Amino acid sequence: MRSTSSSALDSFLDRLLLILAGLPMLLLLSLIMVFLALVQAQAAEDPACGGIDLVEKLKQDNPEEYRKFMSLGDSIENGQSIFWKLEKDGVKPSYLLGTFHVTDPRVTELPAVSRAPFEQSDTLIVESDEILDQQAAAARLMAMPDLMMFPGKQTIKDFLSPDEQKLLEEGMIKRGIPFLSVVKMKPWLISSMLALSTCELSRKASGKPFLDMKLALDAKAAGKQIKGLETLAEQIQAMADLPMKLHVMSLVSVVRYQDFVVDMMETSTQLYLDGHASLIMPAAAFFNPDKNPSDVADMARFEQRLIVDRNHVMAERAAPILAEGNVFMAVGAAHLSGPEGLVALLRKQGYGLTPLP
């Protein structure tokens, strides 16, 4: 899900998609629990939540541009599949699945090619095994107020221009959330909720599992071992480490382009379902309605902290588990591709990785 060129880091959509891709699933789950008392939304029957698949629209409107866009995927290292077989001499084969952390029923249905490997595996690896205990996860989150809330008299208003504050106030009203109820919250906390469509937020709040969580629940019911690669505290800290300026820009952008956020979610979902998850970031740049460049240095730091740094942690901590063999590893698809993605890092550990359709 990462572009190979710096142009993919030149817009708010890159900030948005990195948030969607890199936001730890356990953290987002806990955030939904925090907001549940504020949001009274009804989940839509349409799994697309009203969004438009912009890639499909491009295919119909401009076939030549569509072909050019789809060809971008060929240049992304290890970006041609979301499902991989891992092999090493003397070790039973294992499998790696890139996931998408949404409750959309089209996503939560495990792809047919990966169903048997999952069912036959002895161990499931997920980003965090804390997803199995939502109450404990929420308690841990609430025990870290400095990472979630501004200290003292400081509020989000201290970082917004008058126009940006008005925009945020109006955006919160549309979601049925009083602005005063969020003024003490760090911007990444607010963005994490607003970056989701109303029906996706409602599905999460009602307890519908995203793919990773569904796999963990099924694995637990089947008596499999379940291993996590990160803790909730580590995931929260990764967010908190990013520059405040970047968080504020992301928040403003998510509010300003809310309709487009919904379209990009549907577009991203369809790309994922078609096995083209690595094209999500290029799609963000391609369909970007805001051509103003952002701070590339800040964006590089965002990607480094939220994606690359965590890739190395995941690969290192997965190593002793994968050494036992017959493992099914399921982590966000954003972590698979690129020169420092999990596919490349696991190859450096001596595994042969083969993409499966």
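It should be noted that the structure appears before, not after, this text.
The written sequence of each chain sets the order in which its residues are numbered from 1. Local features in a predicted model are, by the rule used here, given only for residues with pLDDT of at least 70; side-chain atom pairs are given and counted only at 80 or more, and totals for whole chains, interfaces and linings are based on all residues. With hydrogens and water excluded, all non-hydrogen atoms of the structure serve as input to the side-chain values.

## Concerning the overall build of the protein
A run of DSSP states H or I qualifies as a helix once it reaches four residues; a run of E qualifies as a strand once it reaches two. Both are numbered from the N-terminal end. Of the regular secondary structure elements, the protein holds 18 helices and 6 strands. What makes two residues a contact is simply this: any of their non-hydrogen atoms within 4.5 Å. Of all intrachain contacts in the protein linking residues separated by at least 6 positions in sequence, the fraction that spans at least 24 positions is 85%. Accessible surface computed for the protein: about 14700 Å², of which carbon and sulfur atoms make up 52%. In short, Shrake-Rupley with a 1.4 Å probe defines the accessible areas, and a residue's cover is counted only from the protein chains shown.

## Some points on the environment of G275
Take G275: it is sitting in the loop between α15 (258–273) and α16 (280–286). The rule is simple: take the accessible area with a 1.4 Å probe, protein chains only, and divide by the maximum for that residue type; under 20% is buried, over 50% is exposed, in between is partly exposed. Its relative accessible area of 15% is what places G275 among the buried residues. The spacing of G275 and F83 is 192 residues in sequence and 8.6 Å in space, taken between C-alpha atoms.

## Some words on unusual backbone geometry
Even without being glycine, N78 reaches a positive phi, approximately 60°. N78 gets classed as buried once you look at its relative accessible area, which sits at 11%. Positive phi is not limited to glycine here, since N326 has a value of about 55°. Position of N326 relative to the elements: it lies in the loop between α17 (296–322) and β5 (327–332).

## Notes on α15
Along an α-helix, a turn takes 3.6 residues, which lines up residues three or four apart on a common side. The span you would expect from a helix comes to 1.5 Å times its residue count less one. In a regular helix each residue adds 1.5 Å, so 16 residues correspond to 22 Å; α15 covers 23 Å between its end C-alpha atoms and thus fits that length. Among the 16 residues that make up α15, 12 are buried, leaving the element largely enclosed by the rest of the structure. Along α15, the positions that sit buried rather than exposed are F260, V261, V262, D263, M264, M265, E266, T267, S268, T269, L271 and Y272. Looking one or two residues past α15, G275 carries a phi angle of roughly 80°, positive in sign.

## Structural notes on the environment of R317
Within the secondary structure, R317 is located in helix α17. What makes R317 partly exposed here is its relative accessible area of 35%. Sequence-wise, R317 and K227 are 90 residues apart; in three dimensions their C-alpha atoms are separated by 9.8 Å. Setting aside chain neighbours within four positions, we find R317 in contact with L229, E230 and E234.

## Points about helix α3 (residues 54–61)
All of the buried residues in α3 are L54, V55 and L58. The buried side chains of α3 occupy one side of the element, clustering within an arc of 100° when seen end-on. For α3, the elements touching its buried residues are α4 (63–71), α15 and α16. Think of a polar contact as two N or O atoms within 3.5 Å of one another; within protein, one of them needs to be a possible hydrogen donor and the other a possible acceptor, and neighboring residues in sequence only count if both atoms come from side chains. Of the residues that open α3, the one with a side-chain oxygen 3.1 Å from the backbone nitrogen of V55 is D53. What the arc covers is the set of directions going from the helix axis to the C-beta atoms.

## Overview of the pattern of salt bridges
Salt bridge, as applied in this entry: a Lys or Arg side-chain nitrogen positioned within 4 Å of an Asp or Glu carboxyl oxygen. Under the counting rule described, the total for this entry stands at 13 salt bridges. When the shortest N-O distance is used, the salt bridge between D61 and K57 registers 2.8 Å. One end of the pair is D61 and the other is K57, both in helix α3 and 4 residues apart, which spans about a single turn. For R67, the salt bridge identified is with E64, shortest N-O distance 2.8 Å. One end of the pair is R67 and the other is E64, both in helix α4 and 3 residues apart, which spans about a single turn. By sharing partners, the salt bridges in this structure join D104, R106 and E266 into a single network.

## Some thoughts on the packing of aromatic side chains
Aromatic rings from Phe, Tyr and Trp, with only the six-membered ring used for Trp, were paired whenever their centres fell within 6.5 Å, and each pair was classed as stacked if the ring planes differed by under 30 degrees, edge-to-face if by over 60, and tilted otherwise. Within the structure shown, the criterion is met by 8 aromatic pairs. Aromatic pair F83 and F328: ring centres 6.1 Å apart, planes at 40°, arrangement tilted. One end of the pair, F83, is in strand β1 (residues 83–88); the other, F328, is in strand β5, and 245 residues separate them in sequence. No difference in accessibility class separates F83 from F328, as the two residues are buried. Ring centres of F150 and F159 lie 5.3 Å apart, and the angle between their planes is 20°; this geometry places the pair in the stacked category. Among the residues examined, F159 registers a relative accessible area of 29% and is labelled partly exposed. Site record: aromatic cluster; members linked through ring pairs are F83, Y95, F118 and F328. Charge over a ring is defined by NZ of Lys or CZ of Arg lying within 6 Å of the ring centre and within 35 degrees of the ring normal. A cation over a ring is seen here: K88 above Y351, with NZ or CZ 4.1 Å from the ring centre. In this arrangement the basic side chain of K186 is found over the ring face of F150, its NZ or CZ atom lying 5.8 Å from the centre.

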